[in-house]
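Secondary and tertiary structure notes
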Amino acid sequence: MATVAFPTKLPGTDSARSAMDADALRRGVLDNLICLQARPPAIATPHDWYMALAYSVRDRMLARWAATIQTYAAQELRVACYLSAEFLIGPQLGNNLVNLGIEDNARAAMQSLGQDLDSLLALEEEPGLGNGGLGRLAACYLDSLATLEIPSVGYGIRYEFGIFDQEIHNGCQVEVTDKWLQKGNPWEIVRPNVAYYVAFGGHAESGVDEQGRYTVRWMPARMVKGVACDTPMLGFRVNTCNTLRLWKSEAIESFDLQDFNAGDYYQAVQEKVISETLSKVLYPNDEPEAGKRLRLAQQYFFVSCSLQDMLRLLDLKGEPIARFADMFTVQLNDTHPSIAVAELMRLLVDVRSVPWDDAWATTCRALAYTNHTLLPEALETWGLPLFSSLLPRPLEIIYEINRRFLELVRRKYPGDEARVARMSLIDESGEKRVRMAHLSTIGSHAVNGVAQLHSTLLRQTVLRDFAELWPERFLNVTNGVTPRRFMLLSNPGLASLLDETVGKGWVTDLTRLRTLEAFADNLAFQQKWRDVKLANKKMLAERIGHVTRIAVDPDALFDIQVKRIHEYKRQHLNALYIITLYQRLRRNIEQGVVPRCFIFGGKAAPGYAMAKLMIRLITGIAEVVNNDASMKGRLKVVFYPDFNVKNAHFIYPAADLSEQISTAGKEASGTGNMKFMMNGALTIGTLDGANIEIRDEAGSDNFFLFGLTASQVDSVKREGYRPAVHVERNEELRETLGLIADGYFSRGDRQVFRPLVDNLLNADPFLVLADYADYVACQERVSSAWQDPVRWTRMSILNTARSGKFSSDRAIGEYCERIWTISPVRIALDRG
Ligand code: 26Q
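Note that the structure is a prediction, hence the values are computed from the model and not measured.

1. Remarks on the site of the ligand
Around the ligand, a shell composed of 21 residues is seen, among which Leu134, His372, Asn479, Glu667 and Gly670 lie nearest. The contact in question runs from an oxygen atom of the ligand to an N or O atom on the backbone of Leu134, over 2.9 Å. For the ligand, the protein covers 88% of the area, taking 620 Å² as the surface of the free molecule. A per-element tally of the shell around the ligand places helix α6 (residues 133-147) first, with 3 residues. Of the residues that constitute the shell around the ligand, the class distribution is 8 nonpolar, 9 polar and 4 charged. Taken domain by domain, the makeup of the shell around the ligand includes at least three residues from each of domain 2 (77-85 + 145-478 + 815-828) and domain 3 (492-804).

What follows is the structure, encoded as structure tokens:
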């Protein structure tokens, strides 16, 4: 095949499509308005202008994107494939402007067209293709991968409906369908020719081929087609523009149906409907009903498409199948894509006729697994009846993997049948279930947790037997977050102060923030630091006023807890403290109390009743406290609805205090804790997840620590937790719980919060009451530090200065070196 040289020249540096100056951008916007949207400027709506600008920015990314694709296709290199059921990438326009370095020019261009850039940025619908931490982590990692010039692809699902939008009606969460694609998505390029078929149902038939080898053919009941939808992931000020490839399920055309002999026409139409449903909706976590057939189908669908895509690229490059693991390293983001272990085996053994042992060596060499939870109820397992009816052939392969694995276990630990049962891929203690964490561990060469404590507990608890068998497989990679989005883009005031103080290099080398330590006691610098924070708080206060009609004072201490609502994250512990403070103020016990504004944000899984009740408690407290004139504005409580990436942009920069108060041992890492720290918030927290490392970095003087440690939590539970003891001991706690139970925060209704109070008093696995007194005492230390602005500001500066470790660049660097053995590849681009 003749190859055509790739034109590395941009389409002319003065072109309206590629030049970076304001005038060219202006021309680009006008061109796109007409040529892509057929909109005369005179009648263009703000959204039309947003689209035209987005297309113009995308134009400036396309030469880089194409050059990156070309480089990966032509050169001998290894590609990191990040498989994740979620990518919470957030709004793209602002980030792409920042990464291209043309924000100011775009502002000027739009101004010359009578448009305000910030208003246009606000119009972007964010792709909510994730639940929370895990999905956002995947997005931060794509940002770092591109910025560090690592050849990589993100693979996932293009949900038509992402995480629901949250509205608050009468204090309760109401879920609204997220229609993010309704007005079109300018960032996505659909590739109908990059498509694969995925089989479901039916049965497997074994036979013998012409060479006398044992073969298996899967005779599926139906096939679903997956089509690639690509989004460019541009690095910061580099040419590397990687791909986020999300699979959309599509109906199989009648032509294809004949191919697969899939039955009569009406049956076929019904199958179409089913296949189109596959990528419709993102499942919320913490759903009791999450173990659904469609969810397993989604996982298999995107994993199979992604692995087939890798094999196609291997073929295109003319590489033999034996080189698969040299060309690709595949990271499994939790167990959601863990069916990859069986699917890669199937594609190699059944489809490519690779001998089992060779295929197994390739699979283990290619795959690696990141665990994100220790909570037993969150460990994924699938019942056998469901599994075998949906994925009969992959299940057979799992049985064979298990047979060989258990043989190994028995050889190593003769007679230890209890161990065999514990380690098996099939849990046979009740209804038989496939254990996905075991499958991922057995099929990977590396298994990592996401913070030091979490990795240690992983080795000691859920994967203990495996860590004993293969100690060298286990490691820790503490999470990180991208400073491009969470500092530069969302906190421009802080970013320019940092630029002038430590130099611009901090954006890609966050450890340079250490230079700030020298300014921590500089009073003039402190004043500038406070000015930035105050400006951010004023902006947040304005939004709060706009969205919730609650007036908050920007001079108050902004005490913020934003994250998914969950009992283990203990938003209700925070709520108990607020009630305590309220009681003190009502009694005019003002000693040591400072004006505070408590801000909450986060979604509850639609079927998680207790989490929804926690939201009601917060809004109930807000209603009472905010309307009590005797508070004289000293206490405000806000539930900010619909916490998502877009809202996060103005919440983290405005925080004084970051609430990280999970029961020790329960939060794998947390990543919001890092975003707060970078933006100069102090943390009040337990020794859980990455909090421990945050405290190590910041210094114990610059962190408000309270609560039981993970091992204390463990012993309390072993000895039997008795919440009543804590209530008896503490008058304020008694009173606080009494008010809730009496309906004080539910307009006199004593039933509403019954389940919540009963739970705290009887069966709370997260030991809220055990940590109450220490939490209250710790909050008093916070208040007294706040009363000394010089001391507080010093601590705030030191937190930012010492946040360098938590850049996702550091985390990705560790994955590259320790798990993927992969290095940067420069993308050449001739600028003509
Ligand atoms: C599973 C099966 C069926 C339906 C949904 C799910 C599902 C979906 C999403 C289960 C879990 C999730 C998300 C988990 C998550 O966000 N975990 C968080 O990961 C962060 C990144 O490592 C950590 O910082 C957090 O501590 C961890 O809670």
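2. Details of the UniProt feature "modified residue: N6-(pyridoxal phosphate)lysine" (unreviewed entry) in the protein
Here, UniProt's "modified residue: N6-(pyridoxal phosphate)lysine" (unreviewed entry) annotation points to Lys675. By the secondary structure assignment, Lys675 is in helix α25 (residues 672-678). On the basis of relative accessibility, which here comes to 5%, the residue Lys675 falls in the buried class. Look past the residues within four positions of Lys675 in its chain and what remains in contact with it is Arg136, Val481, Phe486 and Tyr652.

3. Things to note about the sheet that holds strand β2 (residues 152-157)
The 9 strands are arranged β5-β8-β9-β2-β1-β10-β11-β15-β16 in an open sheet whose pairing can be described as mixed. This sheet does not close on itself; its edge strands, each paired only once, are β5 (189-200) and β16 (474-476). Strand-to-strand, the axes of this sheet are offset by a mean angle of 25 degrees, without reference to chain direction. Bridging between β5 and strand β8 (residues 222-234) involves 9 bridges; their strand directions are antiparallel. Along β8, the bridge assignment pairs Arg191 with Ala228. Helix α9 (residues 293-316) rests against β1 (79-83), β2, β5, β8, β9 (241-250) and β10 (328-333) of the sheet, and its axis sits at about 115 degrees to β5.

4. Focus: the domain arrangement of the protein
Taken domain by domain, the protein comprises domain 1 (1-75 + 91-125), domain 2 (77-85 + 145-478 + 815-828) and domain 3 (492-804). The straight-line distance from the C-alpha centre of domain 1 to that of domain 3 is 40 Å.

5. Considering the sheet that holds strand β13 (residues 426-427)
Pairing in this open sheet of 3 strands is antiparallel, and the strands run β12-β14-β13 from one edge to the other. Of all strands in the sheet, those with a lone pairing partner are β12 (381-383) and β13, marking the two edges.

Quick notes on the rules
Residues numbered from 1 in each chain as written. Predicted model: local features only at pLDDT ≥ 70, side-chain atom pairs only at ≥ 80, totals over all residues. Heavy atoms only, no water. Near = heavy atom within 4 Å. Polar contact = N/O pair within 3.5 Å; in protein donor to acceptor, adjacent residues only side chain to side chain. Areas by Shrake-Rupley, 256 points an atom, 1.4 Å probe, with all protein chains shown as cover. Helix = DSSP H or I, 4+ residues; strand = E, 2+ residues; numbered from the N terminus. Nonpolar A, V, L, I, M, F, W, Y, C, P; charged D, E, K, R; others polar. Domains from an automatic or database assignment. UniProt positions renumbered as here; feature names shortened; annotations may be inferred. Buried < 20%, exposed > 50% of the residue type's maximum accessible area, 1.4 Å probe, protein only. Contact = heavy atoms within 4.5 Å. Pairing = 2+ DSSP bridges. Axes fitted to C-alpha atoms, helices over the stretch in contact; angles between N-to-C directions.

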